[in-house]
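# Survey of secondary and tertiary structure
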Amino acid sequence: MEKHMAVCPYCGAGCKLNLLVEDGMVVGAEGLDGITNEGELCLKGLSGFDFINDTKILTPRILHPMIRRTKGAELERVTWDEALDFTARKLTEIKEKYGADAIMLTGSSRGPGNEANFVMQKFTRACVGTNNIDNCARTCHGPSVIGLMDTVGSGAMSVSIPNLENADLIMLFGYNPSASHPIVARRIVKAKEKGAKIIVIDPRSIETARIADLYIQIKNGCNLAFLNAFANAIVTENLHDRAFVEAHTTGFDAWWEVVKNYTPESVADICGCSPEDIRRAARLYATAPNSVIGWGMGVTQQRQGVKSVHQIAAIACISGQIGRDNAGLAPVRGQNNVQGSCDMGMWPSLFPGYQKVTDPEVRAKFEKAWGLPAGKLSAREGFKLTDLPHGVKEGTIRAFYNFGEDPLQTEPDSADMRETLQNLDLLISQDIFMTQTTALADVVLPGTSWGEHDGVFSASDRTFQRFTAAVPPKGECKHDWQIFSELSTRMGYPMHYHDTEEIWNEVRELCPNFYGATYEKMAGTGHAQWPIPTIECPGTPTLYRNGQFNTPDKKARLLAHDFVEPTEMPDEGYPLVLCTVREVGHYSCRSMTGNCRALTLLADEPGYVSINPADAAARGIRDQQLVWVSSRRGKVISRAAVDERINKGAVYMTYQWWIGKCNDLTMHATDPLSGTPEDKHSACQVEAIADQVWAERHAQTLYAQMKDWLAGEAAAQDKEPALA
Amino acid sequence: MGSKFVIADPGLCIGCQTCLAGCLLKHSVPGDVAVPRLNLVTTLTISAPIVCHHCADAPCVASCPQNALYFDGDRVAIAQERCIGCRSCVMACPYGACDVVSENRVTKIGNLSVGDPGRAMLVKCDLCYDRPGGPACVAACPTGGLQVVDEEELQERSRKKRLAAAAASAAISSVQLNTALA
Amino acid sequence: MNKFIAIEPDVCIGCGTCLAACSSGHREAGLQAQPRLALASTLDVTAAVTCHHCEGAPCMAVCPVGAITRADGAVLVNEQTCVGCKLCACVCPFGAIHPSGTSIAGVAGVKFDTPTFPRGTSALLSWEIGVYTRAVKCDMCAFDPAGPHCVTACLTGALSVQDAPCAAAARKEKLVAAAKANELAMRGSSTIRRPWDA
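An account of the accompanying structure is given in this report. (Residues numbered from 1 in each chain as written. Chains lettered and ligands numbered in written order. Predicted model: local features only at pLDDT ≥ 70, side-chain atom pairs only at ≥ 80, totals over all residues. Heavy atoms only, no water.)

### A few points about the overall build of chain C
- Regarding its fold elements, chain C presents five helices and six strands.
- The order of helices and strands in chain C, counted from the N terminus, is β-α-β-β-α-β-β-α-α-β-α.
- Taking all 198 residues of chain C together, the buried fraction comes to 47%.
- Within chain C, contacts between residues separated by at least 24 positions form 67% of all contacts whose residues are at least 6 apart in sequence.
- Counting every atom, chain C has about 9,100 Å² of accessible surface; 60% of that belongs to carbon and sulfur. (Helix = DSSP H or I, 4+ residues; strand = E, 2+ residues; numbered from the N terminus. Buried < 20%, exposed > 50% of the residue type's maximum accessible area, 1.4 Å probe, protein only. Contact = heavy atoms within 4.5 Å. Areas by Shrake-Rupley, 256 points an atom, 1.4 Å probe, with all protein chains shown as cover.)

Below, the structure is given as structure tokens:
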């Protein structure tokens, strides 16, 4: 049996593992002693490997390039040459007719890795000539990146995941690690075992509430009011670190002008909790020797995501709970390489290494490195992923290059997204599976899967780790960086790399903060945690030591804003809040985990809608029954999970399900400061279905139709291309 | 409240195991299991038999899925026929005072041995509720090191301690006390 | 004493990794892939519910075809002998038996499930055309000398094998602690005065 070292392709914890290979098939996975996982794996790391073998449980691997010669035609398998020539020609036509900015691209935050993403943004900027490159952080921790860059200067976790277990107090606000990052939850359990206090603030009684010293149940959508009151309590009880505020922050007075109005008593109704609990939590947090705040989508996928992050940063700064190994900010990034996507500049306003596109010196550096004439790189910040629907409607975006993403599954208001994708002049999809998005594409390019290529991932806590191939590529799958290079060459900007290490070394040369992260340092179970500016540097687990922030004046900016309620509130027609969350046994768009046997056995379509027992009883709904969930956008079938941990007045669905698709119900309203959708708060209704056997068959029929459709589109690849 | 239990005075315990023998003898009857319900613990510094506290909020009762353990007046009682030997009570008891043993009886039909799936028996102090004179272990102990503690006994002990504490508080009186009264 | 798997609920994060490991391990051994432990969650507790391999196992007592036997300290179902009567599942007080059979539904849309019962119906009551349902329960991974897969897979260490030495050791610890507490309880009221009682 062979063993090949890899990093798990699911969540951002960054667990090292071995892929076990026999007779050219991946047959198992075992944990390795990586810095964060210490030999442990969750069920996804353990059983989430068989999709590599093209199990076809959900949908087939794409193994050959395919195109639709004309819009709306059937998919036709072609050679790589023809596919790339076709793509290059089409992109060039659109660029000449509408300008480079009419082309939108998205990087992949999953299997491909940092090197592939780097080459893609280089293609986007040096070849296509636009900054219209984004990644799924837009839908995720984008507000954290933006909010933290506004306040403390850097958008990442300020502490490392292993150090969480040594904190004295961990406060989780809108974050459910047991479902999103079990290996992070393990550290929180260990912290509790070591005597740490845990505070959980969440509308649902999440797993961690069971070991919390204080659990505060809040209403959905009250975040900024709560955080303002929390900050208010700290200051009015004199628990803030005046010396730290004086020496290391700016803007306290203006900040206080807003916060002073948010007494805990004044927000009790909005937040649905007692003012005394807010004060208790504030006291515990501010007075503990080392406190960490962990947050997730509960904060970011809301109308005031960025503003809430501003306040979280302020709370940590005024309390002096930042810049130490066990005290700081923990926006735990979701996917295994979403941190990497941002690190590699898959962002409309940033080059790799968080260098601004608007900075002429930065542009000059990249122009020189990339052999481009001065002034070639665009200074204009590009479109965000969430601008896509609007851009297509207006005609400002004509082409979309989708890389390792499934927006039809993961973006809000799928009906609108489907219309968007169908109205593009050109949709290119480079992926490993025939997903719902790829099935609509004009050009389908088969990339190699995780397990078939090498690279580097960035874990949530800025830790670079290497992963290696376990089996050879299937069919005609090509490495993603190879595809971009060949496309770019055809479009007039030649690119050629021998391997990922060559690409990585180019990244290191261009990004001062990553320079010390060599392949050697990351060999085996090694790692390199940026900032790592020199070869000698061992990596940086903790940011902002001694109150030195990454802002121009080295000080943290305190920013406060007034609370505004979410865009769509429940009403008579749609009386329940719909909140979309994660489940632990499947990941993101589910094209990978849905093709794994053990994971599919544990959870399958149509997925669940978790509902409070009183709300269920009022609707005549019993546990495990199929129900209709509807909103102003659509109606789907789902299975009721009657759960006393859920708060009254809200229901929760996970975004993994293709039939029980919650994004058919969510709406495309975004935080204006980040473009991140309000996935956590829209209005819906849930209704019982009288004939349950009919409902079961209906759900199965829809599922079979979905699988048939995707298998049908993929079947085009079984027909060999006609000889030229 | 109002339960009784047997407790040892470690000062008087000589580790002679006579309490174990007394308990075993009392339970050596048909339908019962001849295993002592006390557990003698000997470490470098202590000798003492540990036995069920007949807790008012007994975790063993809470953990039993078959109601084989239940509250009966001043003790936690056993319905032996209900026990399936799942050992939840063994894990739940914080004193380790509860145990389960299994008998593998063999039934014979003529000369044919037919195995029995196994009969589980709960081993836990029953306060010798059916023994005139009370707990056999208390009677057996040669140093008088075991005693039954009931509500009355607990009250008496507390009363003595409070009296002693009150007397000691004379030391902090803010006004000179009349010592001629003692 | 029979061995069994015990759960420490405080450390359980409800992630289901134990279920996945159980399922994969048994599937690879040619046995039913249904997980043999289940996750239960309430407002106060999350825990994996496991078979206790009872000393006087009611499932074994009630099986009409002798499919449940005791071997090597575990209570095992012979999946071939079992006729799927589900009496054992009815009688188990822990709900640790999970009747299950291999579905006839195919993959990639070629054939699909034709449910005859709503999926919410208890496995004890539902029946699907062509599926031979049989009792599926924890076998302590008897097929694998390395032992139970769920215990190794659990990432917080919430699951452990309790065998006779383990249980005896745990009990011994409790007894010693109780003895120490006893000593403290009696200090001052013991009839023997010891040097440190003064």
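Right, picking up where we left off after that structure.
### Considering a nonpolar patch on the surface
Residues and elements named next belong to chain A.
- A surface patch of nonpolar side chains, about 290 Å² in accessible area, is lined by Met1, Met25 and Val27.
- Counting through the fold element by element, Val27 comes out in strand β3 (residues 25-31).
- On the basis of relative accessible area, Val27 is assigned to the partly exposed category, the value being 33%. (Patch = residues over 30% accessible without salt bridge, like charges linked within 9 Å, V, L, I, M, F, W, Y side chains within 5 Å. Salt bridge = Lys/Arg side-chain N within 4 Å of Asp/Glu carboxyl O.)

### Some thoughts on the interface of chain C and chain B
- Each side of the interface is counted separately: chain C has 32 residues, and chain B has 38 residues.
- Summed over both sides, the interface between chain C and chain B buries roughly 2,800 Å², with carbon and sulfur atoms accounting for 62% of that surface.
- Among the residues of chain C in contact with chain B, Glu55(C), Arg171(C) and Lys174(C) are the three that bury the most area, contributing 23% of the side total.
- Applying the counting criterion to the chain C and chain B interface returns two salt bridges.
- Across the pair Glu55(C) and Arg87(B) runs a salt bridge whose closest N-O atoms are separated by 3.5 Å.
- On the surface where chain C and chain B come into contact, there are 14 residue pairs in polar contact (both at pLDDT 80 or more). (Buried area = accessible area lost by both parts, 1.4 Å probe. Polar contact = N/O pair within 3.5 Å; in protein donor to acceptor, adjacent residues only side chain to side chain.)

### Things to note about the packing of aromatic side chains
Residues and elements named next belong to chain A.
- One pass over the full model with this rule turns up 23 aromatic pairs over all chains.
- Here Trp255 and Trp256 contribute two aromatic rings whose centre-to-centre distance is 6.4 Å and whose plane-to-plane angle is 35°, an arrangement assigned as tilted.
- On the basis of an interplanar angle of 70° and a centroid distance of 5.1 Å, the ring pair of Phe366 and Trp370 is categorised as edge-to-face.
- For Phe366, a relative accessible area of 0% puts it in the buried group. (Phe/Tyr/Trp six-rings, centres within 6.5 Å; stacked < 30°, edge-to-face > 60°.)

### Overview of the interface of chain C and chain A
- In this complex, chain C contributes 41 residues to the contact, which on the side of chain A involves 39 residues.
- Sorting the residues of chain C by area buried against chain A places Ile13(C), Leu43(C) and Leu155(C) first, and these three jointly supply 19% of that buried surface.
- Scanning the region where chain C abuts chain A turns up zero salt bridges.
- Here chain C and chain A share 11 residue pairs in polar contact (both at pLDDT 80 or more) between them.
- Elements that contribute at least two residues to the side of chain C that touches chain A include exactly α1 (17-28) and α4 (149-153) of chain C.
- Counting residues per element, the side of chain C that touches chain A draws most heavily on α1(C), which supplies seven residues.
- When grouped by side-chain class, the residues that make up the side of chain C that touches chain A number 21 nonpolar, 15 polar and five charged. (Nonpolar A, V, L, I, M, F, W, Y, C, P; charged D, E, K, R; others polar.)

### A closer look at the sheet that holds strand β5 (residues 76-77) of chain A
All names here are of chain A.
- The mixed open sheet is built from seven strands, whose spatial order is β5-β4-β18-β17-β16-β6-β7. Only two strands of the sheet have a single neighbouring strand rather than two, namely β5 and β7 (133-134).
- In terms of strand pairing, strand β4 (residues 66-67) meets β5 through two bridges, oriented antiparallel. Along β5, the bridge assignment pairs Met66 with Arg77.
- Against the sheet, helix α19 (residues 480-490) touches β16 (399-403), β17 (426-431) and β18 (443-446), its axis set at about 155° to β16. (Pairing = 2+ DSSP bridges. Axes fitted to C-alpha atoms, helices over the stretch in contact; angles between N-to-C directions.)

### Describing the pattern of salt bridges
Residue and element names in this part refer to chain A.
- Counted by the stated rule, this structure contains 49 salt bridges over all chains.
- One salt bridge connects Lys122 with Glu506, and the closest N-O pair in it is separated by 2.9 Å. Residue Lys122 is found in helix α3 (residues 114-128), and its partner Glu506 is found in helix α20 (residues 500-510); the two are separated by 384 residues along the sequence. Comparing Lys122 with Glu506, the two get one shared label, buried.
- For Asp277, the salt bridge goes to Arg280, with nearest N and O atoms at 3.9 Å. Of the two residues, Asp277 and Arg280 are both situated in helix α11 (residues 275-287); the distance of three residues between them amounts to about one turn of the helix.

### Looking at α20(A)
- Taken residue by residue, α20(A) has Thr500(A), Ile503(A), Trp504(A), Glu506(A), Val507(A), Arg508(A) and Leu510(A) as its buried positions.
- On its buried face, α20(A) is in contact with α3, β15 (355-356), α15 (360-369), β19 (455-458), β20 (463-467) and α19 of chain A.

### Here we look at unusual backbone geometry
All names here are of chain A.
- Residue Trp530 is joined to Pro531 through a cis peptide bond whose omega torsion reads 5°.
- The topology assignment puts Pro531 in the loop between β21 (528-529) and β22 (556-557).
- Of note, the bond from Glu605 into Pro606 is cis; its omega dihedral lies within 30 degrees of zero at 0°.
- By the secondary structure assignment, Pro606 is in the loop between α21 (597-602) and β24 (608-611).
- Positive phi is not limited to glycine here, since Lys554 has a value of about 65°.
- If you trace the backbone, Lys554 turns up in the loop between β21 and β22.

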